[in-house]
Amino acid sequence: MATPRFGWKSCLCVHAAVFTWYVFTLWRNCSLEITAKHPGAQTYGGRWKYLTFINLVMQTVFFGICVLTDLAHVAVSVKSARGGLPALLSQIGDFYFSVLAFPVATFVFSSFWVLYSYDRELVYPKFIDQIIPTWLNHALHTIILPLILLQMYLQPHKYPSRLKGILSLALFSVVYLAWVLWVHHISGIWVYPIMARLSSTGLTLFLGVAAFSMVPLYLLGEKLYQVMWRAADGGGGKGGSGVIIGHSSLLT
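Residues numbered from 1 in each chain as written. Predicted model: local features only at pLDDT ≥ 70, side-chain atom pairs only at ≥ 80, totals over all residues. Heavy atoms only, no water.

Side note on a nonpolar patch on the surface
Inclusion rule: Think of a patch as exposed residues, more than 30% relative accessible area, with no salt bridge, where like charges cluster within 9 Å and nonpolar side chains (Val, Leu, Ile, Met, Phe, Trp, Tyr) cluster within 5 Å. Note on areas: Shrake-Rupley, 1.4 Å probe, and residue coverage restricted to the protein chains presented here. In the sections that follow, a salt bridge refers to a side-chain nitrogen of Lys or Arg positioned within 4 Å of a carboxyl oxygen of Asp or Glu. The helix and strand labels rest on DSSP assignments: H or I over at least four residues marks a helix, E over at least two residues marks a strand, and numbering proceeds from the N terminus.
Together, Phe6, Leu150 and Tyr153 make up an exposed nonpolar region whose accessible area comes to about 290 Å². Mapped onto the secondary structure, Leu150 falls in helix α5 (residues 144-154).

Observations concerning the packing of aromatic side chains
Note the threshold: Only the six-membered ring of Trp is used, alongside the rings of Phe and Tyr, when aromatic pairs are assigned; centres must lie within 6.5 Å, and planes under 30 degrees apart are stacked while those over 60 apart are edge-to-face, with the rest tilted. Burial classification: accessible surface area is computed with a 1.4 Å probe over protein chains only, and a residue below 20% of its type maximum counts as buried, one above 50% as exposed, and the rest as partly exposed.
In total, this model carries 18 aromatic pairs according to the counting rule given. Measuring from centroid to centroid gives 5.8 Å for Phe62 and Phe97, while their planes differ by 40°, and the two rings are tilted. Of this pair, Phe62 sits in helix α2 (residues 51-75) while Phe97 sits in helix α3 (residues 84-119), and the two are 35 residues apart along the sequence. When its relative accessible area of 0% is taken as the criterion, Phe62 is described as buried. Phe97 gets classed as buried once you look at its relative accessible area, which sits at 0%. Both rings, one in Tyr159 and one in Tyr225, keep their centres 5.3 Å apart while their planes meet at 35°; by these two values the pair is tilted. On the criterion of sequence distance, the pair formed by Tyr159 in the loop between α5 and α6 (162-187) and Tyr225 in helix α9 (residues 214-232) is long-range, its members being 66 residues apart. Among the aromatic residues, those joined into a ring-pair cluster are Tyr22, Phe62, Phe63, Tyr96, Phe97 and Phe102.

Side note on the pattern of salt bridges
Close approach of charged atoms lets side chains of opposite charge pair. On inspection of all chains with the given rule, the structure shows three salt bridges. Arg197 is the salt-bridge partner of Asp119, the closest N and O atoms lying 3.7 Å from each other. Of the two residues, Asp119 sits in helix α3 while Arg197 sits in the loop between α7 (193-196) and α8 (200-212), which places them 78 residues apart along the sequence. A residue is classified by how much of its surface remains accessible, and Arg197, at 53% relative accessible area, is exposed.

Quick word on the UniProt feature "transmembrane region" (unreviewed entry) in the chain
Selection criterion: UniProt positions are given in the numbering used here, feature names are shortened, and annotations may be inferred rather than shown by experiment.
Per the UniProt annotation, the sites labelled "transmembrane region" (unreviewed entry) are residues 50-74, 95-115, 135-154, 166-192 and 198-220. The span residues 135-154 shows a helical share of 90% and a strand share of 0%, and its end C-alpha atoms are spaced 25 Å apart. Annotated as 87% helix and 0% strand, the span residues 198-220 places its first and last C-alpha atoms 29 Å apart.

Remarks on the environment of Phe24
Looking at the element boundaries, Phe24 is found in helix α1 (residues 8-30). Taking the C-alpha atoms as reference points, Phe24 and Thr60, separated by 36 residues in sequence, lie 9.7 Å from one another.

A look at the confidence of the model for the chain
Test applied: Known as pLDDT, the predictor's confidence for each residue is given on a scale from 0 to 100. Any pair of residues with heavy atoms lying within 4.5 Å of one another is described as a contacting pair.
Looking at the chain, pLDDT values average 86 and 85% of them are 70 or higher. Below a pLDDT of 50 lies the segment residues 235-243, which in the model reaches 18 contacts outside its immediate sequence neighbourhood of four places, other chains included. Taken together, the stretch residues 247-252 has pLDDT below 50 and engages in 13 contacts with residues farther than four places along the chain or on a different chain.

With respect to the packing of α3 against helix α4 (residues 134-141)
The angle between the axes and the distance between the axes are what describe a pair of packed helices. Stated formally: Each axis is a line fitted through C-alpha atoms, taken for helices only over the stretch in contact, and angles between the N-to-C directions span 0 to 180 degrees. Angular relationships are summarised with four words: roughly parallel below 35 degrees, roughly antiparallel beyond 145, roughly perpendicular across 65 to 115, and oblique for the angles in between.
Where α3 meets α4, the axes come as close as 9 Å, and the angle between the chain directions of the two elements is 125°. The angle between the axes of α3 and α4 places the two elements in the oblique class. Packed against α3, whose contacting residues are Val108, Phe109, Phe112 and Trp113, the element α4 presents Asn137, His138, Leu140 and His141 at the interface.

What follows is the structure in structure tokens.
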């Protein structure tokens, strides 16, 4: 992470507020009453079989890293921040943001609301409204997008090479889909209602589309980042704002 638009102290205030929001949301999610009608958290895999919950944990961890990074930069001189703990935290935050935080949050937002708009019973049956408050539903599936876009606007991030970034995201996608299939294999439970309605061919296509849709979302994040920080950098793409995006000739 290079120098943010409004300085490290201002960034610390924003990151602390967002981190607190995510900790509160995570706590409220974990404290929901489990009912016989929707025993999800008590079945095999618990909440960890839901990508929405995994994303919630990921966003909480990411903004926790942001807070630590801000504190490290505030505590030392600009020269000292170029190495040591501040530099290490910045590198971790950059990779985490570009490969996981942005694309996964965007996927959760877009996939949920597309399926919900088409037929909510496929992803979020109506009876769940009696268990999960409306505000918490939006905290899990809506607010995640403006918050990650706010982060993109506030602070420049060094992207990895496109090949490394996409392969890392692909690894995450494959591991998660393998986990979903394993949960069904062990417990007979499909994590999402739509999966129970699909034939074997339909399920294969669904999982394939879900996995490959991560690639354009990664590229979308890269493009949005370039647009936001090209303007801040006067159109040069290099220099003080730290607008750096690595590219691999294999995928450009």
